[in-house]
Amino acid sequence: MTRVFTAAAAIFAFLGVAAGAFGTHALRAHFDVNPALEETYRTAALYHLVHALALFGLGWAADRFDGQRGLIRIAGIAFAVGIIAFSGSLYALAIFNLRAMGAVAPVGGAAFLAGWALLAAAALRTKPA
């Protein structure tokens with residue numbers, strides 16, 4: 001599980017950096033027309049990168065939280081779903097001005113919250129060494 005989370009974290013982080021660069025450089029003229037969309041895009045990139053790092057942390061936690069691999073695995077899935085649903089919907093909203101995508105973002109936000117709650121539960125249920 002550690003390798004899977006580390007690889008997923010690296011892939012999501014790579015894509016987050018690429019998305020940030022794309023937003024800064026390729027979408028400059030687009031955001032000059034509607035600056036509010038740039039802020040939406042930046043929020044998507046921030047949450048994308050933060051949760052890529054969270055996945056990396058889950059790889060570390062998977063080997064240290066004895067007996068909690070199930071919770072850690074579900075937390076990882078929740079973080080990945082959150083990145084795709086939350087950040088993905090905000091990217092689509094910012095690039096294509098698809099207002100309907102704003103309704104998807106809370107699903108991703110809920111997935112992020114679930115991931116953090118599951119990580120906390122795994123940590124609290126782990127017996128000290």
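What counts and how
- Residues numbered from 1 in each chain as written.
- Predicted model: local features only at pLDDT ≥ 70, side-chain atom pairs only at ≥ 80, totals over all residues.
- Heavy atoms only, no water.
- Axes fitted to C-alpha atoms, helices over the stretch in contact; angles between N-to-C directions.
- Helix = DSSP H or I, 4+ residues; strand = E, 2+ residues; numbered from the N terminus.
- Parallel < 35°, antiparallel > 145°, perpendicular 65-115°, else oblique.
- Left-handed = near helix turned anticlockwise from the far one by under 90°.
- Contact = heavy atoms within 4.5 Å.
- Nonpolar A, V, L, I, M, F, W, Y, C, P; charged D, E, K, R; others polar.
- 1 Å grid on protein atoms, 1.4 Å probe; cavity = no way out; pocket = protein on both sides within 12 Å on 5 of 7 lines; lining within 4 Å.
- Points joined across faces, edges and corners; volume = space filled by probe spheres on them.
- Buried < 20%, exposed > 50% of the residue type's maximum accessible area, 1.4 Å probe, protein only.

## Describing the packing of helix 1 (residues 2-26) against helix 4 (residues 69-96)
Turning to step 1, where the next piece is worked out: Running from amino to carboxyl end, helix 1 crosses helix 4 at an angle of 15 degrees, the nearest separation of the two axes being 12 Å. Comparing the axis directions of helix 1 and helix 4 gives the class roughly parallel. You can see that helix 1 and helix 4 cross each other, and the crossing is left-handed. Counting all contacts with helix 1, which are made through Phe-5, Phe-12, Ala-19 and Phe-22, the residues of helix 4 involved are Ile-72, Arg-73, Gly-76, Ala-80, Ile-83, Ile-84, Tyr-91 and Ile-95.
Turning to step 2, where the next piece is worked out: Across the contact of helix 1 with helix 4, the residue classes tally to 10 nonpolar, 1 polar and 1 charged.

## Let's talk about the layout of surface pockets
Turning to step 1, where the next piece is worked out: When its volume is computed, the largest pocket comes out at roughly 190 Å³.
Turning to step 2, where the next piece is worked out: Taken together, Gly-20, Gly-23, Thr-24, Arg-28, Phe-31, Asp-32, Glu-38, Tyr-41, Arg-42, Ala-45 and Leu-49 make up the lining of the largest pocket.
Turning to step 3, where the next piece is worked out: Of all elements in the fold, only helix 1, helix 2 (28-33) and helix 3 (35-62) reach the threshold of two or more residues within the lining of the largest pocket.
Turning to step 4, where the next piece is worked out: Sorting elements by how many residues they give to the lining of the largest pocket places helix 3 first, with 5 residues.

## As for the environment of Trp-60
Turning to step 1, where the next piece is worked out: Structurally, Trp-60 can be placed in helix 3.
Turning to step 2, where the next piece is worked out: Classification of Trp-60 as partly exposed rests on a relative accessible area of 49%.
Turning to step 3, where the next piece is worked out: Through-space distance from the C-alpha of Trp-60 to that of Phe-5 is 8.7 Å; in sequence the pair is 55 residues apart.

## Considerations on unusual backbone geometry
Negative phi values dominate among residues other than glycine, just as trans dominates among peptide bonds.
Turning to step 1, where the next piece is worked out: In this structure, Asn-97 is a non-glycine residue whose phi angle is positive, near 55 degrees.
Turning to step 2, where the next piece is worked out: With respect to the helices and strands, Asn-97 occurs in the loop between helix 4 and helix 5 (105-125).
Turning to step 3, where the next piece is worked out: Overall, the relative accessible area of 36% leaves Asn-97 in the partly exposed class.

## Some words on the packing of helix 3 against helix 4
Turning to step 1, where the next piece is worked out: Where helix 3 meets helix 4, the axes come as close as 9 Å, and the angle between the chain directions of the two elements is 165 degrees. As summarised for this structure, helix 3 and helix 4 are arranged roughly antiparallel, according to the angle between their axes. Along this stretch, helix 3 crosses helix 4, giving a crossing that reads as left-handed.
Turning to step 2, where the next piece is worked out: Across the contact of helix 3 with helix 4, the residue classes tally to 21 nonpolar, 6 polar and 1 charged.

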